[in-house]
Amino acid sequence: MNKFAIPSPPVVGLPIAGSDEIFPVRRVYCIGRNYAAHAIEMGHDPDREPPFFFQKNPNNLDPSGEFPYPPHSSDVHHEMEMAVMLKSGGTNIPLDQAESHIFGYALSLDMTRRDLQGAQKKMGRPWEIGKAFERSAPVGPIHRLSETGLLNEGAVSLKVNGETRQEGNLNQMIWKVPEMISYLSEYFELAAGDVIQSGTPAGVGPVERGDSMEMFVEGLGSATVRVT
Ligand code: MN
């Protein structure tokens, strides 16, 4: 067995509600424009065009409850999303088997340097600089599917400093969770530890240092993230 030449990067482990165990993260997939009202607010036609995905990095997921305002942006937006954690995977997963791969769910944010993302969009370039920056995905504790049941409907909201900014329902997703799993598995090999951020309802907007963001999904409760 060969030794690593440099210290091995740590596996990212996320807390699981009511448990000493942690969830190891392998990959993070994020879907774009998955709620019609959000697609419209971003200037797009909400027709059911094929889904598209981008990725964040495993260590962008951050359960600390703090979001440090990132550099090189003056327009950082909140996107409230439900994260889906997989316990297994594969390729070409049939739709009717997709839900059997779900480990659980968590509250999450897809924080976005909107000014940088917008500039990349204009130039037809990748979005990573706007999306996959340090600590760009605050997450709450993971709730096991065995406790929550399947979450295909339920209120989703985000309050900033006590004021509701985003509101929607999981049942308004254009591409449902099983469809996302099945579709992704046609293009990638999914595996245990993969995380899917399932898109944001309408109402995205900027945050400032000192703001308090309260994430909520019916069935997962709420958790607060402070912008520092
Ligand atoms: Mn998003």
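Residues numbered from 1 in each chain as written. Predicted model: local features only at pLDDT ≥ 70, side-chain atom pairs only at ≥ 80, totals over all residues. Heavy atoms only, no water.

### Re the side chain of R114
Rules: Elements are defined by DSSP. Helices are runs of H or I of four residues or more, strands are runs of E of two residues or more, and each kind is numbered from the N terminus. For the purposes of these results, a polar contact is taken to be a pair of N or O atoms within 3.5 Å, where, inside protein, one atom must be able to donate a hydrogen and its partner to accept one; residues adjacent in sequence count only when each atom of the pair is a side-chain atom. Only heavy atoms matter for contacts: two residues are in contact if any of them lie within 4.5 Å across the pair.
Structurally, R114 is set in helix α2 (residues 114–122). Within the local environment of R114, its side chain forms a polar contact with the side chain of Q117, the two groups lying 2.9 Å apart. Those residues in contact with R114, other than ones at most four positions away along the chain, are M42, D75, H77, E79, K131 and V204.

### Some points on the packing of aromatic side chains
Inclusion rule: Centres within 6.5 Å make a pair out of two Phe, Tyr or Trp rings, where for Trp the six-membered ring is used; the pair is then stacked when the planes are under 30 degrees apart, edge-to-face when over 60, and tilted otherwise. Exposure categories follow from relative accessible area, calculated using a 1.4 Å probe and restricted to protein chains: below 20% of the type maximum is buried, above 50% is exposed, and the middle band is partly exposed. To sit over a ring, a charge needs its Lys NZ or Arg CZ within 6 Å of the ring centre and within 35 degrees of the ring normal.
Scanning the entire structure with this criterion turns up eight aromatic pairs. Measuring from ring centre to ring centre gives 5.3 Å for F23 and F103, while their planes differ by 35 degrees; the resulting arrangement is tilted. With F23 in strand β2 (residues 22–24) and F103 in strand β9 (residues 102–109), this residue pair connects regions lying 80 residues apart in the sequence. In terms of burial, F23 and F103 fall into one category: buried. Grouped by ring-pair contacts, the aromatic residues F53, W175, Y183 and Y187 constitute a single cluster. The residue whose ring lies beneath K56 is F133, and the NZ or CZ to ring-centre distance is 5.9 Å.

### Digging into unusual backbone geometry
With the exception of glycine, most residues fall at negative phi, and the peptide bonds are largely trans. You will see that R135, though not glycine, has its phi angle at about 55 degrees, which is positive. For R135, the location among the structural elements is in the loop between α3 (128–131) and β11 (137–138). We note that N161 has phi near 50 degrees; this positive angle belongs to a residue other than glycine. Secondary-structure assignment places N161 in the loop between β13 (155–160) and β14 (163–169).

### Quick word on the coordination of the manganese ion
Which entries qualify depends on this criterion: Counted as donors are the N, O and S atoms within 2.8 Å of the metal, or 3.2 Å for Na, K and Ca, while water is not among the atoms, so some sites may look incomplete.
Protein ligation of the manganese ion involves E79 (OE), E81 (OE) and D110 (OD), the donor distances falling in the range 2.0 to 2.1 Å. Positions of the donor residues of the manganese ion, expressed as sequence spacing, correspond to E-x1-E-x28-D. A residue is classified by how much of its surface remains accessible, and E81, at 1% relative accessible area, is buried.

### Remarks on the nonpolar core
If you look at soluble globular proteins, the nonpolar side chains tend to sit buried side by side. Defined as follows: What makes a nonpolar core is a set of buried Ala, Val, Leu, Ile, Met, Phe, Trp, Tyr and Cys residues whose side-chain atoms join them at distances within 4.5 Å.
Counting residues in each nonpolar core, the largest one holds 40 residues, and the members touching the most others are M82, I181 and M213. Elements with a minimum of two residues in this core: β3 (28–31), β8 (80–86), β9, β13, α5 (177–187), β17 (212–217) and β18 (221–227). When residues no more than four places from it in sequence are discounted, the contact partners of M213 are F67, H78, L109, M111, L158, K159, V160, V207, A223, T224, V225 and V227. In terms of nonpolar packing, the next biggest core, distinct from the first, is built from 18 residues, L14, F54, F103 and V139 among them.

### Section: the pairing of β13
Basically, it comes down to this: For two strands to be treated as a pair, DSSP must find at least two bridges joining them.
Summarising the sheet, β13 and β14 pair through six bridges and their orientation is antiparallel. In the sheet register, V160 faces β14, and the bridge partner there is E163. Following β13, the chain reverses through two residues before pairing antiparallel with β14; N161 in that reversal takes a positive phi of roughly 50 degrees. Strand direction decides the pairing type here: β13 and β17, joined by five bridges, are antiparallel. Along β17, the bridge assignment pairs V160 with M213.

### Description of the pattern of salt bridges
Put simply, the rule reads: Here, a salt bridge means any side-chain nitrogen of Lys or Arg that lies within 4 Å of a carboxyl oxygen of Asp or Glu.
On inspection of all chains with the given rule, the structure shows eight salt bridges. For the salt bridge of R26 with D194, the shortest nitrogen-to-oxygen distance reads 2.9 Å. In this pair, R26 is assigned in the loop between β2 and β3 and D194 in the loop between α5 and β15 (195–197), connecting sequence segments 168 residues apart. Looking at R26, the relative accessible area reads 31%, which means it is partly exposed. On the basis of relative accessible area, D194 is assigned to the buried category, the value being 0%. Note that R135 and D62 form a salt bridge whose closest N and O atoms lie 2.7 Å from each other. You can see R135 sitting in the loop between α3 and β11 and its partner D62 sitting in strand β5 (residues 61–62), a full 73 residues away along the chain. In this structure R135 comes out as partly exposed when scored by relative accessible area, which is 30%. Residues participating in the shared-partner salt-bridge network are K56, E79, D110, R114 and K131.

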